[in-house]
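Coordinate inspection notes
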Amino acid sequence: MRTFNCTCGNTLYFDNTQCLQCGKSLGFDPDRLDVIPLVQTEAGDWQSDSDPSLNFRKCDNYQNSNVCNWLIPARENESYCLACRLNEVIPDLSKSENEQRWRKLENAKRRLIYTLLTLRLPIITYHQNKDRGLAFRFMEDIKGFDMFSEEMVTYQEIMTGHNAGTITINILEADDSEREKIRVLMNEAYRTILGHFRHEIGHYYWDQFIARTDRLDEFRMLFGDERNDYKSSLSLYYQNGPQDNWPDNFISAYASSHPWEDWAESWAHYLHFMDVLETASHHHVGIQGDEIKYTQNNLRDWLEFHDFGSIIAQLVKLMRTLNELNRSLGFPDPYPFEHSPMVINKLEFIHRVVMST
C-alpha cells in the first residue's frame, strides 16, 4: 500500500478521512489511486484542494455510515463508490455489534480492491454483467430459540466461499476471538479477513482467466486436474489431513486439498506479496541495504520491467525479517510460510497471468 501526501505536506494513509495536520477532509479516488485533500463547494460537493477541476461526491457509506472513505466523480450518477457498489448483502445493522464487524469487512475489502486496481485487473459488478460480474455478501449464521432444548441454536450456518462470482463472508470472521478460535480448530497457520478476501477473489479470477482458456493445460501441469471431484477431495482432506510432503508442493496445507484451492491459496499469497512490495517501497524498507523501490506511481508499471524471480527472492527475505521482528516483540509470525521451488513456479504462473491481462 502506498503512502500519500496532503497539500499541506503531511503524509497520508489509505484509510485516513481527515488530515491530522491541517484538518482537511480526505477521500480516496479509485481512478487516480490517490487520497485527495478536499474542500467543500457551495453546492455541497467536494473538489480537490490542489485541482479545482476535479469534483467529487462522497460515497453514501462514507457520508452516512462512516465505513468507507472513497469518492465518486461528480459526473457519475452513482450513490456508492466502486467498492461499495459490489455489495449485494451487508450485515443487519439493527444489531449494534454488526456495525464494527461491517467496518472491518469494508476496510479489508477496500484494500483488496485497491490491489486489484493497481494491478489493473478487471472489476465488473454483478449489475454490469450477471454472467461475469462480482458481488459480495456479508452474512451471519441464522439462529433461533429451540423450545425443546431451551437454547439458542444455529439453523443455517453461513459458509465463507465463492460461487459464480458471488463471494460470501461470514461476518463472525470480523470478530478476532471467533476467527482465532476457528484458526486453531482448523489447524491453520494463518487466518485474516484480508486473507479471506484475497483467497476467494482467486476463485473468481480462476473462472475469468483459466477456465475454458488456452492456459488450462499449463494450470493442470502445475496445480493438478480440477476435474477431480471437489466435494470428495475436501472431505478426504478434512478426514485425513494434508499429504505428508505437502510443503514440497503447496504453499499451505489447505492448498493440497484440491487444485482449485491450490490456485486460490497461491493467488492470495501473490496478492500478499504485491501489497508488501508496494508498502516496503513507500516506507523505504529493504534487506541488507538492498532497498525495494520503484519510481512509477503504479505498481503494475514497475512490474512490467522487472524479473519476477528476483522480486520474489527479495520479498522472501523481507517476510523472514518481519517474522523475526514479531518474535522480538513476543508475537507470532505474521507470515508463517515457506516457498518450495514448485510453489515459486505456481506464483510465477499467476504473475504471468496477471501481467497478460
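The text that follows walks through the structure, step by step, so that each part is easy to find. Please read all numbers here as calculations on a predicted model, not as lab measurements. (Residues numbered from 1 in each chain as written. Predicted model: local features only at pLDDT ≥ 70, side-chain atom pairs only at ≥ 80, totals over all residues. Heavy atoms only, no water.)

1. Quick notes on the sheet that holds strand 13 (residues 166-170)
The strand order 8-9-13-12 describes an open sheet built from four strands, whose pairing is mixed. A single partner strand is all that each edge strand has here, and the edge strands are strand 8 (87-89) and strand 12 (161-163). Neighbouring strand axes in the sheet, compared pairwise and without regard to direction, differ in orientation by 25° on average. Across three bridges, the pairing between strand 12 and strand 13 is antiparallel. Across the sheet, His162 pairs through a bridge with Ile167, a residue of strand 13. Across the sheet, helix 2 (residues 97-118) touches strand 8, strand 9 (135-139) and strand 13, and the angle it forms with strand 9 is around 155°. (Pairing = 2+ DSSP bridges. Helix = DSSP H or I, 4+ residues; strand = E, 2+ residues; numbered from the N terminus. Axes fitted to C-alpha atoms, helices over the stretch in contact; angles between N-to-C directions. Contact = heavy atoms within 4.5 Å.)

2. Some details on the pairing of strand 6 (residues 55-58)
Residues Phe56 and Lys58 of strand 6 are buried on one face, while the alternating residues Asn55 and Arg57, pointing to the opposite face, are not. Pairing geometry for strand 5 (residues 46-48) and strand 6, over two bridges, is antiparallel. What sits directly across from Trp46, in strand 6, is Phe56. In this structure, the hairpin formed by strand 5 and strand 6 is closed by a connection of six residues. Relative to strand 7 (residues 71-73), strand 6 runs antiparallel, the two being bridged by three bridges. Paired with Lys58 across the strands is Leu71, a residue of strand 7. (Buried < 20%, exposed > 50% of the residue type's maximum accessible area, 1.4 Å probe, protein only.)

3. Remarks on helix 7 (residues 259-282)
Under the 1.5 Å per step criterion, the end-to-end length of helix 7 is 35 Å for 24 residues, consistent within 8% with the ideal 34 Å. With respect to burial, helix 7 is a largely interior element, 20 of its 24 residues being buried. Positive backbone phi, approximately 55°, marks His284, located one or two places after helix 7. (Expected span 1.5 Å × (residues − 1).)

4. Thoughts on helix 10 (residues 341-355)
The end-to-end C-alpha distance of helix 10 is 21 Å, a good match for the 21 Å that 15 residues give at a rise of 1.5 Å each. If you check which residues of helix 10 are buried, you get Val343, Lys346, Leu347, Phe349, Ile350, His351, Val353, Val354 and Met355. Buried residues along helix 10 sit against helix 4 (193-209), helix 5 (216-223), helix 7, helix 8 (299-303) and helix 9 (308-328).

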